[in-house]
Amino acid sequence: METAQTRGQALLILTNLPDQASAQAMAESLVADRLAACVNILAPCRSVYRWQGRIEDAPEIPLLIKTTAARYAALEAAIRAGHPYELPEIIAVPIAHGLPEYLNWVASETLDEHPDGKLSTC
């Protein structure tokens, strides 16, 4: 059951994009739409995985996305809509502990409403 406390729970979302341009576009879109407070675009890596019965080996750009449980459903929908993969990796990890001021900042930057009372573009 979702409560006010769990809706404010900070989350770290992991996903990978196929190239720098799509990673940059995804990061900017998520922050602009207040679905994420911050997105780290990491250095390229290689992913090895089984897909449709074959072993694949592909370069990818990992993203670390900071948001709240309250914004997760909208963030997941945005990633799915803007992701070039048929089945994108979207993993949410609860943040159990962290600097309280930072976690408060994550929560405030992902509010449905701007502090001035105007609705965000979400």
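Residues numbered from 1 in each chain as written. Predicted model: local features only at pLDDT ≥ 70, side-chain atom pairs only at ≥ 80, totals over all residues. Heavy atoms only, no water.

Novice: Could you give an account of the layout of surface pockets, naming the residues involved and the relevant values?
Specialist: By volume, the largest pocket amounts to about 280 Å³. Taken together, Asn16, Ser47, Val48, Tyr49, Arg50, Trp51, Glu60, Tyr85, Glu86, Leu87, Pro88 and Glu89 form the lining of the largest pocket. The element best represented in the lining of the largest pocket is strand β3 (residues 45–51), accounting for five residues. A per-class count over the lining of the largest pocket returns six nonpolar, two polar and four charged. (1 Å grid on protein atoms, 1.4 Å probe; cavity = no way out; pocket = protein on both sides within 12 Å on 5 of 7 lines; lining within 4 Å. Points joined across faces, edges and corners; volume = space filled by probe spheres on them. Helix = DSSP H or I, 4+ residues; strand = E, 2+ residues; numbered from the N terminus. Nonpolar A, V, L, I, M, F, W, Y, C, P; charged D, E, K, R; others polar.)

Novice: Before we move on, can you summarise the nonpolar core with the specific residues and values?
Specialist: Membership of the largest hydrophobic core comes to 16 residues, with the highest contact counts inside it found for Ile13, Leu30, Val39, Leu63, Ile65, Leu75 and Ile79. Residue assignment for this core shows that the elements contributing at least two residues are β1 (10–17), α2 (20–32), β4 (54–68) and α3 (69–82). Sorting elements by how many residues they give to this core places α2 first, with four residues. Residue contacts for Val39: discarding those within four places in its chain leaves Ala27, Leu30, Val31, Leu63, Leu64 and Ile65. (Core = buried A, V, L, I, M, F, W, Y, C linked by side-chain atoms within 4.5 Å. Buried < 20%, exposed > 50% of the residue type's maximum accessible area, 1.4 Å probe, protein only. Contact = heavy atoms within 4.5 Å.)

Everything listed here is a matter of coordinates, which is why it stays silent on function.
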